[in-house]
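Coordinates in review
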Amino acid sequence: MVSTLRFRHNLITPIYRLPNEVLALIFQFAESSPYNSLQPLESRVPLNISAVSRVWREIALDTPQIWTTIDV
C-alpha cells in the first residue's frame, strides 16, 4: 500500500510529466557525459537511473543506448 501511494505521488511531480522519449534523451546525454566514465562502475548513470523509481527503471531498460558501453 505504501509503495502504491509513493508511486502515485511520484506521478504528480514535474519530472514525471515529461514524455518517456525526453527522459530517455536526458539519460543518454547523462551517460555520454565525460564525468560518467570517471565514476566507479557501480555508480555510473545506467545503474543510478534504474534505481530511482519504477518508471525510470522501465525507461532505462527500454533505452539500449545507455547500456551499450563495455567497460573492461
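Throughout what follows, the structure given in this document is the object of discussion. (Residues numbered from 1 in each chain as written. Predicted model: local features only at pLDDT ≥ 70, side-chain atom pairs only at ≥ 80, totals over all residues. Heavy atoms only, no water.)

Re the overall build of the chain
Selection criterion: A helix here means a DSSP run of H or I that spans at least four residues, while a strand means a run of E at least two residues long, and both kinds are numbered starting from the N terminus. When accessible area is computed with a 1.4 Å probe and restricted to protein chains, residues below 20% of their type maximum are described as buried, those above 50% as exposed, and intermediate ones as partly exposed. The contact rule is simple, with two residues in contact once any of their heavy atoms fall within 4.5 Å.
A count of helices and strands for the chain gives four helices and zero strands. Reading the chain from its N terminus to its C terminus gives the helix and strand order α-α-α-α. Across the 72 residues of the chain, 25% fall into the buried class. In the chain, once contacts between residues fewer than 6 apart in sequence are set aside, the share between residues at least 24 apart is 51%.

A word on the side chain of R44
Stated precisely, the cut-off is as follows: Identification of polar contacts relies on pairs of N or O atoms within 3.5 Å, with a donor-acceptor requirement for protein atoms, meaning one able to donate a hydrogen and the other able to accept it, and with residues adjacent in sequence counted only if both atoms are side-chain atoms.
Positionally, R44 belongs in the loop between α2 (20–31) and α3 (45–50). On the basis of relative accessible area, R44 is assigned to the buried category, the value being 15%. A polar side-chain atom of R44 sits 2.8 Å from the main-chain carbonyl oxygen of Q39.

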